[in-house]
Structures are given as structure tokens and as C-alpha cells.
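# Per-entry structural report
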Amino acid sequence: MKTYNFPENFWWGSAASGTQTEGRLPNDGKGENIWDYWYETNPELFFNQVGPGKTSQFLSKYEEDIQLMKKTGHNSFRTGIQWSRLFPKGTGEVNQVAVNFYNKVFDELLANDIEPFITLYHFDMPLELQKKGGWLNRETVDAYVAYAKTCFELFGDRVKKWFTHNEPIVPVEGGYLYQFHYPAEVNMKHAVQVGFHENLASAKAIAVYHGLKLDGEIGIVLNLTPSYPRDENNPEDLKASQYADAFFNRSFLDPAVKGTFPPKLIEVVKELNMVPEMEADDLDVIKNNTIDLLGINYYQPRRVKAKESAIDHTNGPMPDDYFDNYEMPGRKMNPYRGWEIYEKGIYDILINVRDNYGNIRCYISENGMGVENEERFIDAKGEVQDDYRIEFVTDHLKFVHQALEEGSNVQGYHMWTCMDNWSWLNAYKNRYGFISVDLAQDGKRTIKKSGYWFKQVSDNNGFEA
Ligand code: BGP
């Protein structure tokens, strides 16, 4: 047995997003975003055809939910403002019903000593803006900056931790390369432009935030997937892993922290003649407006090897032209999500941030385990006995602790997620929460074993294991 103590004021909590939790109420004034629209047009794409309207109903149940956060040891909680709720058309008139709702949520969190961490963009492009190209269109950058400014002005007196994006590489991958977000294109040129505009939008929002001189911090949340080469001593495998790292991690990590793009990425876009369209001072804006705080989402590593399979030219160039994925023999898997579980990855990320990114203040903003059919584990009291989740979190926290001992500037750990919630195309397939949500009983909430366990960890600011 060893005791793992964490620093005073360590952030214990969880993360969620607006689209995945809020749901809809009559007259809520929310406009459509790409998820509402995609579900209306293609419900068959969504697991069991469950759409975002039927989520965990945070909109009506937030007071109860905040009490449950307290019972599960939260001192902080990240969610997002839904852009299409605040601005139903993405620009123009603010929806006062939404302002009232977010005011109530932030006040209620603070009244319960839970600090709100707020994401501005979590995959939820307002439909009206998507119709004009979404992130492909430069006008979206301006619309986003105006939206961000409104959020800072409306809520910045109480919200002190802002995040410009959640996992900005995901709309690039999902929307423009691998077809799991709307508009589900396969178009590398578009992918590059979208990624550039997201980076630019982030830097511009940071500039506005800093200009307002509010007393808080602004950052970005990135899903960092360490790229491990099959064989570290094989230069071709190593090179493949450097490409994967440039595409999927450094494309946002470098501009966010250092204000520059990684050389490998620049080399590829030049070689492919896909340098994004930009205005004269864009690179300076990115250079001069970097983050205060980094959120790190970690679920799985990426393992790669030198390209051995034939390059598929059907849809033009793809990131996959530069590496092959590698299935490491004996890897530990979460079979429900199909993701490898590799706890040490969280430590490797933190050490990389310590050594190569100025040891910027950071925290684990998401980590978690989605499990299908959790009803199997419900006991006589109606509580999910999710020992596997406790084990998963413990094993990751041990590595966070080790990184702390070795000087990492990691400030907290947030679980994905609080209540079981709606996971995009996977809808309600895999459950991630500390608290279960019974869809058959109007979203009835029940704290899982892991939720009680997390309360103890938070109260003790550590654990023994
Ligand atoms: C992260 C996202 C979340 C959440 C989580 C779980 O990438 O930030 O929105 O959904 O992953 O993944 P999934 O929903 O794909 O199972």
C-alpha cells in the first residue's frame, strides 16, 4: 500500500458538454446545430437512433445535478456554452432564455463551491453557419470571436476558467477526413483549412479575453494521443510516429502553447500544395496570443509503424499516407469503445509538456472509460458496481502523481463524465459517468460506486492503493 497525496487545491471534478447534456425544452429558443440537423436527416447513423434532444436533461435538472456533483466530490466542473443556444443563428441577437439558464447554472455551481470551467466550442457548429461552410469559411472565425466576446462579457465576472475549444482536431478528423462528424467529407485540403481557422479563432478569442482584463485564465482543451512507434530503434517507424504526432497533436498543441506550427506539418502542407488561405497578420495573431492553461484529454495512445500498406488514392491525400496504425500484441483494450488502455500515456504526455512546452500550467480535463450495458452491474440497491472504472481512474491517477513528483505543473483531474451522457454517433451506447442516467425512467440519476469512491479521493485529496 502506498499513499498518493495531491497538492492542496487540486481540481477534482468532471467534464461534459452542452450538446451532450442539456437537451431541449419548449420555447428554449435554441437554434439548430449540426448535431440536431444530422440526427433529423440521418437518424440511422446514431446508435439505437437516439438523438441529442433526449440527453440527460441538464436544462431542467441542473439543480439536482449540481447536488449530485457535490455528493461525488466535485470542486470544479467543466461544461460548455452551446453556441446555438446563445446565438440561435450563430450571430445576431442573443437568446435571453439561454443567458438566464447559463446565469443560473454558474450561480448554482458557485453557491455550491464548484468552480465552473467553461468551453466555448465543443463540436457544436450552429447550423446557419455550417450552411455557409462552418469552419471552412473565414466568416465563422469572426462570428466565433463575437460569440466568445459576448460570453466573456456576460459571464466573465463569475467564470474564471475559459477554454476556446474542446479537442479541435476532432472536427477536422470527423468532419473532413474520417466522416464521423457532419459534414462527413473526405477532403484533406478542407481539413487543413478548418484546422487553421480553428487555431486562428482560438488565438483571436484569447486576444479579446486578455484585452478585457478580466481576472481569469483562458486555455484550450486538447486530446493528446502520444504516438508510439512500433520500434523506437527503427528510423522509419520513428518517422511515421513523428508525422502522426504532427498531424494529430502538434497541429494544435504547438500553436496553442508556442504560437507556431510544427515543421513537419508545414512541410506536408507545402508539399501537397495545401497551404491554407490566410490574411497577412494571421500568423502574428497566432504567435502573439497563446494560452494560459492547457486542458489535456487522454483516453488512448496511438501506435504507428512505417507505411507498409498501399496508399489509397481514392479520396486524395490523407494523413494515413504517412504511417500505418500498429496493433501492439498483448495490448489492453476497452472492448466497448475499441480503445487501448495504456495508463502510462498520461505520464508521458505530462512529461512532454514539462520538457517541451515550458511546463505550462495544465490539468487532465478528460479521462474515462465508456462501458456498454452497465445495467449488468446494478446491485440490489440500484447502484452500478463499476469497480473497473475505479481501477481505471486509480491506475491513471498513479501516473499523474508520478508526473507531479517529477515536477509536472498538473493542477487537477477531471473525469469524463459526471452523468452518463449522449456521445455523438454512439449516443447512449457506452456509459462514462460517475452517475447513471436511466432513460426509461425520465433520466433518473443514481450515483455509481465510482462516484462515492471519487468523493473520498477528493475529500482526502488522494488515496491509498
Ligand atoms: C471526447 C469528447 C467528449 C466525449 C468523449 C468520449 O473525445 O470530448 O465529447 O464524447 O470523448 O468519447 P465518445 O463519446 O466518442 O465515446
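In what follows, the structure referred to is the one given above.
Right, let's walk through the structure included here. (Residues numbered from 1 in each chain as written. Predicted model: local features only at pLDDT ≥ 70, side-chain atom pairs only at ≥ 80, totals over all residues. Heavy atoms only, no water.)

### Digging into the packing of helix α7 (residues 138–155) against helix α9 (residues 188–212)
Put simply, α7 and α9 touch, their axes get as near as 9 Å, and they point 30° apart. Judged by the inter-axis angle, α7 sits roughly parallel to α9. Handedness of the α7/α9 crossing: right-handed. Residue-level inspection shows Arg-138, Val-141, Tyr-144, Val-145, Ala-148, Lys-149, Phe-152 and Glu-153 of α7 in contact with α9, the latter providing His-197, Leu-200, Ala-201, Ser-202, Lys-204, Ala-205, Val-208, Tyr-209 and Leu-212. Tallied by class, residues from the contact of α7 with α9 come to 11 nonpolar, two polar and four charged. (Axes fitted to C-alpha atoms, helices over the stretch in contact; angles between N-to-C directions. Helix = DSSP H or I, 4+ residues; strand = E, 2+ residues; numbered from the N terminus. Parallel < 35°, antiparallel > 145°, perpendicular 65-115°, else oblique. Left-handed = near helix turned anticlockwise from the far one by under 90°. Contact = heavy atoms within 4.5 Å. Nonpolar A, V, L, I, M, F, W, Y, C, P; charged D, E, K, R; others polar.)

### As for the site of the ligand
For the ligand, the full set of nearby residues is Gln-20, His-122, Asn-166, Glu-167, Tyr-299, Arg-337, Trp-339, Glu-366, Trp-416, Ser-423, Trp-424 and Tyr-432. Contact between the ligand and Glu-167: an oxygen atom at 2.5 Å from a side-chain N or O atom of the residue. Expressed as a share of its isolated accessible area of 370 Å², the protein-covered part of the ligand is 92%. When grouped by side-chain class, the residues that make up the shell around the ligand number five nonpolar, four polar and three charged. (Near = heavy atom within 4 Å. Polar contact = N/O pair within 3.5 Å; in protein donor to acceptor, adjacent residues only side chain to side chain. Areas by Shrake-Rupley, 256 points an atom, 1.4 Å probe, with all protein chains shown as cover.)

### Concerning the environment of Asn-421
By secondary structure assignment, the location of Asn-421 is in the loop between β15 (410–416) and β16 (430–431). For Asn-421 and Gln-20, which are 401 residues apart along the polypeptide, the C-alpha to C-alpha distance reads 5.9 Å. When residues no more than four places from it in sequence are discounted, the contact partners of Asn-421 are Ala-16, Gln-20, Thr-21, Ser-56, Trp-416, Ala-427 and Tyr-428. Within the structure, the side chain of Asn-421 is placed 3.2 Å from the side chain of Thr-417, a separation counted as a polar contact.

### Examining the sheet that holds strand β3 (residues 76–80)
In space, the eight strands of this closed barrel follow the order β2-β3-β4-β5-β6-β8-β13-β15, with parallel pairing throughout. Here the strands of the sheet are splayed against their neighbours by 25° on average, with no regard to which way each runs. (Pairing = 2+ DSSP bridges.)

### Notes on the environment of Asn-187
Residue position: Asn-187 is located in the loop between α8 (169–176) and α9. Along the sequence, Asn-187 and Phe-252 sit 65 residues apart, while their C-alpha atoms lie 19 Å from each other.

### What to know about the pattern of salt bridges
Taken as a whole and assessed by the stated rule, the structure comprises 38 salt bridges. Between Arg-158 and Asp-157 there is a salt bridge, with the nearest N and O atoms lying 3.1 Å from each other. Here Arg-158 falls in the buried class, since its relative accessible area comes to 18%. By relative accessible area, Asp-157 is classed as partly exposed at 49%. Close ionic contact of Arg-431 with Asp-420 constitutes a salt bridge, the shortest N to O distance being 3.3 Å. Separated by 11 residues along the polypeptide, Arg-431 in strand β16 and Asp-420 in the loop between β15 and β16 bring together distant segments of the chain. In this structure, a network of salt bridges that share partners links the residues Glu-374, Asp-386, Arg-389, Asp-420, Arg-431 and Lys-448. (Salt bridge = Lys/Arg side-chain N within 4 Å of Asp/Glu carboxyl O. Buried < 20%, exposed > 50% of the residue type's maximum accessible area, 1.4 Å probe, protein only.)

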